[in-house]
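# Per-entry structural report
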Amino acid sequence: MEVAISRARATGAFPASGEPTAPQLVEIYRLMFLSRAVDDREILLKRQQKIFFQISAAGHEALQVGAALALRPGYDWFFPYYRDRALCLALGVSPYDMMLQAVGAADDPASGGRQMPTHWSSRSLHIVSTSSSTATQLLHAVGCAEAGRYFSRHPESAVKDPGDYREFHNVDFRGDEVALACIGEGSTSQGEFWEAMNTASNQKLPVIFCIEDNGYAISVPVEVNTPGGNISRLVANFPNFYFAEIDGNDPVSSLRAFGQAAAHCRAGRGPALVHGHCVRLYSHSLSDDDKNYRSAAEREADALCDPIARMRTRLIADGILTAAELDELERSLDREAAEAAERALQSPPPAVESIVTHVYSEDLDPTLAAFATEQPEFPVEEVGQKAAAHTMADLINHCLRDEMRRDQRIVIYGEDVADASRDEALKEAKGKGGVFKLTAGLQTEFGSERVFNSPLAEANIVGRAVGYALRGMKPVVEIQFFDYIWPAMHQIRNELALLRWRSNGTWSTPAVIRVPIGGYLTGGSIYHSQSGESIFTHTPGLRVVFPSNALDANGLLRTAIRCDDPVLFLEHKRLYRETHGRAAYPGPDFAIPFGKAKIVRPGSQLTLVTYGALVPRALQAAQQAERLHGIDVEILDLRTLNPYDWEAIATSVRKTNRVIVAHEDMLSWGYGAELAARIADELFDDLDAPVRRIGAMDTFVAYQPKLEDAILPQPETILKALVDLKNY
Ligand SMILES: Cc1ncc(C[n+]2csc(CCOP(=O)(O)OP(=O)(O)O)c2C)c(N)n1
Ligand SMILES: [Mg+2]
C-alpha cells in the first residue's frame with residue numbers, strides 16, 4: 001500500500017451538516033478529478049493493449065467522495081463494488097496501487113494480479129476484497145456488522161488462542177464502527193439485496209447501503225429493474241432505517257447524507273440507505289458502447305450533469321480557485337495518474353509458481369497430525385452397551401456444545417436451529433433445535449446471541465457467514481437440507497471459497513456449513529434425497545467432509561471448526577440415528593485430521609472406495625461376497641472428499657489390483673469419475689481389471705419406495721459389481 005491515509009484527512013473533519021470549508025471543497029474536487037484522471041489514463045492503456053479491462057467511476061465521483069469522507073478508513077468497514085474508484089481513492093488507495101492491479105502486477109496489493117482492475121482490497125483501510133458478483137457484498141457487510149457488535153459486547157472473545165484458526169485472525173473492533181456497502185441500482189433486483197435489507201433492519205445493524213443509481217444496468221434502464229423506477233419508494237417501509245434520496249452529482253449533499261447515515265448507525269438506531277442519483281458518463285465498461293441502446297439526447301443530458309464540471313464551476317463562482325489555478329491542479333493530477341501508470345508498467349507479473357498459493361490456508365493445514373489431538377477417552381470394548389450407544393446426531397450435537405464452550409467466537413444460526421426464537425415460549429416448551437434436532441439445547445445453554453434462527457433464505461445464511469468469518473469469528477451455520485443449498489451456491493462458490501485466493505491471502509473466511517444430505521429415506525423424494533458433493537469438490541478453496549459414523553462425525557466436525565479453511569460438512573440424514581456406527585462420547589478434544597481414509601474392512605482381493613451411507617451398505621455386500629463367493633474385499637471409507645487420501649487408495653489398489661469406486665450420488669460426472677480417472681492414469685500398471693464405478697441412476701430420487709430402491713445403489717448392486725469385477 002502506498003498511501004495509508006488520504007490527504008483529505010489532513011483538511012480536518014468533514015461536517016455531517018453545514019458547509020465544508022474552502023480547503024475541504026478543494027480537496028473534494030482533487031479527489032474527484034484524480035479519480036477521473038486515473039480512469040482516463042487506464043482507458044488509454046486499454047486502447048494501447050497494455051491493460052486488459054477497464055470500467056470507470058465517471059459520473060459517480062461526487063457521490064463516492066462524499067461517502068468516503070463521511071466515514072473513517074481503517075475504523076469503519078467497506079464493501080465497495082467495481083465502480084468505486086473515487087470512493088477508494090478518498091479512503092486512501094493510491095493511483096499507483098490501482099495501476100498495479102490494472103497491469104496485473106505481482107505487487108498488486110489487492111489481488112496479486114488475480115482480479116480485474118477496480119476489484120478493491122486493503123486490510124489496513126478495511127476495504128474487503130470485491131468480487132465481480134453484483135450483490136453478494138451486501139450480506140458480507142451485514143455479517144461484518146453483526147461480528148463487530150458481538151465483539152464489542154464480548155471483548156473477551158477476541159483473545160487469540162494458539163492451536164486453532166484464532167491464532168491467525170487478528171480481531172479489530174471499536175464499538176461504533178459502521179459497514180458501508182455499495183451497489184448499483186440495477187443490482188438491487190438481486191435477492192441478496194433484499195436479504196441484506198431484511199437482516200440489517202431486523203437486527204438494527206450499523207450498515208449503510210449506498211445505491212449508486214446511474215439509471216442503467218449495462219443496457220437495461222432502471223424501470224426494467226425497479227418497479228416504478230425508484231428504489232427509495234420500494235424500500236421506504238423497512239423499519240429502523242435512516243433514508244436519504246439525494247442528488248448524487250453534488251458531493252456536499254452526499255457528504256451530508258452519509259454523515260447523517262453514519263450518526264444514525266453509530267448511535268445504534270439501525271441501518272441507513274442513501275440513494276444517490278448520478279450519471280454514467282462513459283459506457284458500462286470499455287467492452288460496451290452505450291450508443292447502441294441510448295438516445296443521443298439522453299447521453300447529452302447526462303453529460304451536462306457531469307459532477308466534475310459542476311464542481312469546477314462552483315469553485316470558480318464561489319471565488320475559491322481561479323480557472324488558471326484549477327487548470328494547474330488538473331494538470332498535476334493528470335501527471336500523477338500518468339506517472340503511476342508508467343511505474344506500474346515496469347512492475348513484473350506474478351510468477352507462474354505462485355498460482356496455487358492461498359487456495360487454502362497457508363498457516364494451518366487440517367491434514368496435519370496436530371489435528372489428531374487425542375485418542376477417544378474410552379476403549380470401545382470396555383464401555384457398556386448404553387454408553388456406546390450415541391448416535392451420529394448425538395455426537396455432532398456434543399461436538400457443537402463442547403466447541404462452543406471452548407471458543408466464544410462460534411455462532412450457530414440457520415433455519416429452525418434455535419430452540420425457540422420467542423423467549424416466553426422457551427420457558428414452557430422443550431425447544432426445536434433444528435428439524436433433525438442436531439442443535440437442540442444449544443440456544444438454551446449459550447443464549448440467543450450465539451444460537452439463533454435466520455430468515456428462510458440460504459444466501460443470507462452463507463453471505464452473513466462470510467462477513468462474520470472475515471472479522472475473525474467462527475460461524476457454524478446450517479443449511480436445512482442439501483436439496484436447498486442452491487440459493488447459497490453463489491455465495492459458497494464465488495465468495496466463501498474464493499475470498500482467500502482472489503485477495504492473495506489477505507482475507508479469509510473459515511466458516512463451517514453443516515448440511516444434512518442424501519436419500520434412502522423411504523419417501524424422501526426429489527427434494528429431500530439429493531446428493532451432489534462433486535459440485536462442491538469442484539470448487540477450489542472449499543474443504544468437503546462426509547463422515548459415515550458417529551465417532552468420525554464428532555472428530556471431523558471438531559477439525560472443521562478449529563481449522564482455518566471454509567468447510568462443507570455433509571451429514572447423511574439416514575445415518576443420523578442408525579444403529580450402525582454408534583459410539584461412546586469421545587471427550588471434548590477428540591479430532592480427526594482431514595485427508596485420512598479409514599480401512600473399515602481389510603481385504604486382499606478387491607478394493608472398494610466409498611464414503612457416507614454407502615459404507616454400511618458396502619460392508620453388508622462385502623460380508624456376502626466373502627460368505628457366498630469367497631471374495632476378500634478391502635473397504636476404504638474416505639471420510640473427507642477434499643482433501644482425499646490418495647495414498648490410502650494407491651496402497652490398497654497396489655495390493656488388490658482391482659478397484660471399485662462407489663457412491664450414492666448419480667453415476668455420471670460424479671465424484672467417482674475423478675477417482676476412477678486418476679487411478680486409471682497413475683496406477684495403470686497395478687490394475688488387473690478396469691476401474692469400475694457404482695452410483696445412482698442419472699435421475700433424481702422418486703417418492704415411490706420401489707423406484708427409490710431402484711434409483712439408489714443397494715447392497716445387492718454392490719455385491720453384483722464385486723462378483724463381476726473379481727471374475728473379470
Ligand atoms: C450476479 C451477476 N450477474 C451479472 C453480472 C454481469 N453484470 C456486471 S455489471 C452488471 C450491471 C450492473 O448494473 P448496476 O447494478 O446498475 O451497476 P452499474 O454498473 O450501473 O454501476 C451486470 C449485469 C454480474 N457481474 N454479477
Ligand atoms: Mg446502474
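Anything mentioned here points back to the structure above.
Heads up: these notes are all about the structure in this document. Treat the numbers as computed from the prediction; the structure is a model and nothing was measured. Going along each chain's sequence as written, the residues are numbered from 1 onward. A letter from A marks each chain and a number from 1 marks each ligand, given out in the order of writing. The model is predicted, so local features are restricted to residues of pLDDT at least 70 and side-chain atom pairs to those at 80 or more, both for listing and for counting; the totals for chains, interfaces and linings are taken over all residues. The basis for the side-chain values is all heavy atoms of the structure; hydrogens and waters are excluded.

## Structural notes on the overall build of the protein chain
- Labels follow the DSSP assignment, with helices taken as runs of H or I lasting at least four residues and strands as runs of E lasting at least two, numbered in each case from the N terminus. A tally of regular secondary structure across the protein chain gives 25 helices and 19 strands.
- The size measure is the radius of gyration over C-alpha atoms, and the globule rule it meets is 2.2 Å times the number of residues to the 0.38 power. For the protein chain, whose C-alpha radius of gyration is 29 Å, the value lies close to the compact-globule estimate of 27 Å for 728 residues.
- Seen through its C-alpha atoms, the protein chain measures out along the principal axes to roughly 100 × 65 × 50 Å.
- Buried, partly exposed and exposed residues are distinguished by accessible area as a fraction of the type maximum, computed with a 1.4 Å probe on protein chains only: under 20%, between the cut-offs, and over 50%, respectively. For the protein chain, the proportion of its 728 residues judged to be buried stands at 60%.
- For the protein chain, the exposed surface amounts to about 27100 Å²; the carbon and sulfur share of it is 53%.
- The charged-residue count follows a simple rule in which Lys and Arg add positive charge and Asp and Glu add negative charge, with His and chain termini not counted at all. Working definition for charges: the position is that of NZ of Lys, CZ of Arg, CG of Asp or CD of Glu. Across the protein chain, the 73 positively charged side chains and the 95 negatively charged ones have centroids separated by 2 Å. All accessibility values rest on the Shrake-Rupley procedure with a 1.4 Å probe; residue burial counts only the protein chains present in the view.

## Looking at the site of ligand 1
- Within the structure, ligand 1 sits among 17 residues, and Tyr81, Arg83, Ser132, Ser187 and Tyr216 are positioned closest to it.
- One of the side-chain N or O atoms of Tyr82 is found 2.8 Å from an oxygen atom in ligand 1.
- A 3.5 Å cut-off defines polar contacts: any pair of N or O atoms within that distance qualifies, except that in protein one atom must be a possible hydrogen donor and the other a possible acceptor, and neighbouring residues in sequence count only when both atoms are side-chain atoms. Between a nitrogen atom of ligand 1 and a main-chain N or O atom of Ser132, the distance comes to 2.7 Å.
- Burial of ligand 1 by the protein amounts to 74% of the accessible area it has alone, namely 580 Å². If a single non-hydrogen atom of a residue is within 4 Å of a molecule or strand, that residue counts as near it.

## Thoughts on a nonpolar patch on the surface
- Among the surface-exposed residues, Val352, Ile355 and Val356 lie close enough to one another that they form a single nonpolar patch of about 310 Å² accessible area.
- Looking at the secondary structure, you find Val352 in the loop between helix H12 (323-345) and helix H13 (392-406).
- The exposed category is assigned to Val352, whose relative accessible area is 61%. Exposure above 30% relative accessible area and the absence of a salt bridge qualify a residue for a patch, where like charges join within 9 Å and nonpolar side chains (Val, Leu, Ile, Met, Phe, Trp, Tyr) within 5 Å. Throughout this description, the term salt bridge denotes a Lys or Arg side-chain nitrogen within 4 Å of a carboxyl oxygen of Asp or Glu.

## Focus on helix H6 (residues 191-202)
- Between its first and last C-alpha, H6 extends 17 Å over 12 residues, near the 16 Å set by a 1.5 Å rise per residue.
- Considered for burial, the residues of H6 that qualify are Glu192, Phe193, Glu195, Ala196, Met197, Thr199, Ala200 and Ser201.
- Here a residue-residue contact requires only that any non-hydrogen atoms of the pair lie within 4.5 Å. Where H6 is buried, its residues contact helix H5 (136-153), strand E3 (207-213), helix H8 (231-235), strand E7 (272-277), helix H16 (458-470) and helix H17 (489-496).
- Looking at the residues trailing H6, positive phi occurs at Lys204, about 50 degrees. In a helix, the anticipated span is given by 1.5 Å times the number of residues less one.

## Some points on the coordination of the magnesium ion (ligand 2)
- Around the magnesium ion (ligand 2), the donor atoms from the protein are Glu185 (OE), Asn214 (OD1) and Tyr216 (O), and they sit 2.1 to 2.2 Å away.
- The sequence motif formed by the donor residues of the magnesium ion (ligand 2) is E-x28-N-x1-Y.
- Relative accessible area serves as the criterion here: at 7%, Asn214 is assigned to the buried category.
- The exposure class of Tyr216 is buried, given its relative accessible area of 10%. For Na, K and Ca the donor cut-off is 3.2 Å, and for all other metals it is 2.8 Å, counting N, O and S atoms only; because water is absent from this set, sites may look incomplete.

## With respect to the pattern of salt bridges
- A full pass over the atoms with the stated rule returns 48 salt bridges.
- In this structure, Glu146 engages Arg464 in a salt bridge whose closest nitrogen and oxygen atoms are separated by 2.7 Å. Of this pair, Glu146 sits in helix H5 while Arg464 is found in helix H16, placing the two residues 318 residues apart along the sequence.
- On the accessibility criterion, Arg464 (1% relative accessible area) is buried.
- Among the ionic pairs, Arg153 bridges to Glu449, the shortest N-O distance being 3.6 Å. With a gap of 296 residues between them, Arg153 in helix H5 and Glu449 in the loop between helix H15 (442-446) and strand E9 (451-453) connect regions that are remote in the sequence.
- In this structure, a network of salt bridges that share partners links the residues Asp164, Arg166, Asp402, Glu403, Arg406, Asp407, Arg558, Arg562 and Asp589.

## Brief notes about the environment of Cys278
- Within the secondary structure, Cys278 is located in the loop between E7 and helix H10 (296-304).
- Sequence spacing of Cys278 and Pro713 is 435 residues, and the spatial spacing of their C-alpha atoms is 58 Å.
- The residues contacting Cys278, other than those within four sequence positions of it, are Gly59, His60, Leu63, Glu212, Asp213, Asn214, Gly248 and Asn249.

## Section: the packing of aromatic side chains
- The aromatic pairing rule takes the rings of Phe, Tyr and Trp, using the six-membered ring of Trp, and pairs them if the centres are within 6.5 Å, calling planes under 30 degrees apart stacked, those over 60 edge-to-face and the rest tilted. Under the criterion given, the structure shown has 23 aromatic pairs.
- Relative to Phe241, the ring of Phe238 has its centre 6.1 Å away and its plane inclined at 65 degrees; by these criteria the two rings are edge-to-face.
- Ring geometry for Phe482 against Trp486: centres 5.5 Å apart, planes inclined by 80 degrees, an arrangement best described as edge-to-face.
- In this structure Trp486 comes out as partly exposed when scored by relative accessible area, which is 31%.
- One aromatic cluster in this structure is built from Phe193, Trp194, Phe209, Phe238, Phe241 and Phe243.
- A ring is considered to have a charge above it if a Lys NZ or an Arg CZ atom is located within 6 Å of its centre and within 35 degrees of its normal. The ring of Tyr413 carries Arg464 above its face, with NZ or CZ at 4.9 Å from the centroid.

## Details of helix H4 (residues 95-103)
- Burial runs high along H4: nine of the nine residues are buried.
- In the core, the buried residues of H4 are packed alongside helix H1 (22-47), helix H3 (85-91) and H12.
- Just past H4, the residue Gly104 takes up positive phi, approximately 75 degrees.

## Observations concerning the sheet that holds strand E18 (residues 659-666)
- DSSP calls a pair of strands paired once it identifies at least 2 bridges connecting them. Here we have five strands laid out as an open sheet, ordered E14-E16-E15-E18-E19, and mixed in their pairing. Two strands lie at the open edges of the sheet, namely strand E14 (598-601) and strand E19 (692-696), each paired on one side alone. Across the sheet, the axes of successive neighbouring strands diverge by a mean angle of 25 degrees, strand direction being ignored.
- Across four bridges, the pairing between E18 and E19 is parallel. Of the residues in E19, the one forming a bridge with Met666 is Ala696. As a rule, the C-alpha atoms of each element are fitted with a line to give its axis, helices using only the stretch in contact, and angles between N-to-C directions run from 0 to 180 degrees.

## Overview of the pairing of strand E11 (residues 512-517)
- Counting buried residues in E11 gives six out of six residues, a clear majority hidden from the surface.
- Relative to strand E13 (residues 567-572), E11 is paired through six bridges, and the arrangement is parallel. Bridging across to E13, Ile517 finds its partner in His572.

## Comments concerning the sheet that holds E13
- Spatially, the seven strands line up as an open sheet ordered E9-E8-E10-E11-E13-E12-E17, and their pairing is mixed. Because the sheet does not close on itself, it has two edges, and the strands there are E9 and strand E17 (640-642). Between one strand axis and the next, the sheet turns by 20 degrees as a mean value, whatever way the strands run.
- Most of the contacts of helix H20 (residues 550-562) go to E13, to which it runs at about 160 degrees, and overall it touches strand E8 (410-414), strand E10 (474-478), E11, strand E12 (543-545), E13 and E17.

## Considering unusual backbone geometry
- Going from Asn642 to Pro643, the amide bond is cis rather than trans, its omega being 5 degrees.
- In this fold, Pro643 is placed in the loop between E17 and helix H22 (646-656).
- One non-glycine residue, Gln49, lies in positive phi territory at about 60 degrees.
- By secondary structure assignment, the location of Gln49 is in the loop between H1 and helix H2 (61-70).
- Using a relative accessible area of 66% as the deciding quantity, one classes Gln49 as exposed.

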